[in-house]
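# Reading the structure
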Amino acid sequence: MTASAVVRRLAALSGASAVAAGAYGAHGFKNSDPDDYQRVLFETANKYHFYHSLALLGAAHSGKPAVAGTLLVAGMGLFCGSLYHQALTGDPGLRKVAPMGGVAMIAGWLAMIL
């Protein structure tokens, strides 16, 4: 299987999980205060999860799909994962990895230039 096919499949799985997470967030937080920090974290994670799932589709067609795809997936895992974790558990223990995820996502976008 080519790197581009793998990245396309990862994009599909990522997009599907972003929809599922968004649905959970919409219903799971519906009785909470709209200004609640955990809800804001969840919505931020879900938004970036969606954006970068779409970016994976573009990465599949870049010159180096494995590089761009790996950076985007790693960035989503670190950034979105740490925000989802804190939003769902209230535990801020992973928040220090979010900036590393942000850097990886930026690098993934830049890798699509290659």
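For the structure, see preceding data.
Reference entry: report on the structure contained in this document. (Residues numbered from 1 in each chain as written. Predicted model: local features only at pLDDT ≥ 70, side-chain atom pairs only at ≥ 80, totals over all residues. Heavy atoms only, no water.)

A separate point is helix 2 (residues 37–59). The end-to-end C-alpha distance of helix 2 is 32 Å, a good match for the 33 Å that 23 residues give at a rise of 1.5 Å each. Listing the buried residues of helix 2 in full gives Arg-39, Leu-41, Phe-42, Ala-45, Asn-46, His-49, His-52, Ser-53, Ala-55, Leu-56 and Ala-59. (Helix = DSSP H or I, 4+ residues; strand = E, 2+ residues; numbered from the N terminus. Expected span 1.5 Å × (residues − 1). Buried < 20%, exposed > 50% of the residue type's maximum accessible area, 1.4 Å probe, protein only.)

Right, let's talk about helix 3 (residues 65–89) for a bit. Along its 25 residues, helix 3 runs 34 Å from first to last C-alpha, staying within 8% of the 36 Å computed at 1.5 Å per residue. Taken as a whole, helix 3 carries its principal kink of about 25° at Gly-81. One or two positions beyond helix 3, positive phi appears at Gly-90, with a value near 80°. (Bend = angle between axes of the 7 residues up to and from the residue.)

Summarising the element assignment, Ser-82 is placed in helix 3. Only 3.0 Å separates the side chain of Ser-82 from the backbone oxygen of Phe-79, close enough to count as a polar contact. When sequence neighbours within four positions are dropped, the list of residues in contact with Ser-82 reads Gly-77, Leu-94, Val-97 and Ala-98. (Polar contact = N/O pair within 3.5 Å; in protein donor to acceptor, adjacent residues only side chain to side chain. Contact = heavy atoms within 4.5 Å.)

The next thing to look at is the packing of aromatic side chains. One pass over the full model with this rule turns up four aromatic pairs. Between Tyr-24 and Phe-42, the aromatic rings sit 6.2 Å apart at their centres with planes inclined by 55°, giving tilted as the arrangement. Taken together, the residues span a long stretch of sequence, with Tyr-24 in helix 1 (residues 3–28) and Phe-42 in helix 2 at a distance of 18 residues. A residue is classified by how much of its surface remains accessible, and Tyr-24, at 49% relative accessible area, is partly exposed. Judged by its relative accessible area of 4%, Phe-42 is buried. These aromatic residues form a ring-pair network of at least three members: Tyr-24, Phe-42 and Tyr-84. (Phe/Tyr/Trp six-rings, centres within 6.5 Å; stacked < 30°, edge-to-face > 60°.)

For the rest of this paragraph, the subject is the environment of His-49. Mapping His-49 onto the fold places it in helix 2. Using a relative accessible area of 9% as the deciding quantity, one classes His-49 as buried. Excluding its chain neighbours within four sequence positions, the residues that come into contact with His-49 are Ser-14, Ser-17, Ala-18, Met-76, Cys-80 and Tyr-84.

Relative orientation of the contacting elements helix 3 and helix 4 (residues 98–111) amounts to 155°, with a least axis distance of 7 Å. Classified by the angle their axes make, helix 3 and helix 4 are roughly antiparallel. Of the two possible hands of crossing, helix 3 and helix 4 adopt the one that is left-handed. Between helix 3, through Val-67, Ala-68, Leu-71, Leu-72, Gly-75, Met-76, Leu-78, Phe-79, Ser-82 and Leu-83, and helix 4, the contact on the second element is made entirely by Ala-98, Met-100, Gly-101, Gly-102, Ala-104, Met-105, Ala-107, Gly-108, Trp-109 and Ala-111. For the contact of helix 3 with helix 4, the per-class residue count stands at 15 nonpolar, five polar and no charged. (Axes fitted to C-alpha atoms, helices over the stretch in contact; angles between N-to-C directions. Parallel < 35°, antiparallel > 145°, perpendicular 65-115°, else oblique. Left-handed = near helix turned anticlockwise from the far one by under 90°. Nonpolar A, V, L, I, M, F, W, Y, C, P; charged D, E, K, R; others polar.)

What follows concerns the nonpolar core. The biggest cluster of nonpolar side chains holds 22 residues, and the ones touching the most others in it are Phe-42, Leu-56, Phe-79, Leu-83 and Tyr-84. At the level of elements, helix 1, helix 2, helix 3 and helix 4 are the ones that each hand at least two residues to this core. Of all the elements, helix 3 adds the most residues to this core, at eight residues. When near neighbours in sequence (up to four residues on either side) are disregarded, Phe-42 contacts Ala-21, Tyr-24, Gly-25, Phe-29, Tyr-84, Ala-87 and Leu-88. (Core = buried A, V, L, I, M, F, W, Y, C linked by side-chain atoms within 4.5 Å.)

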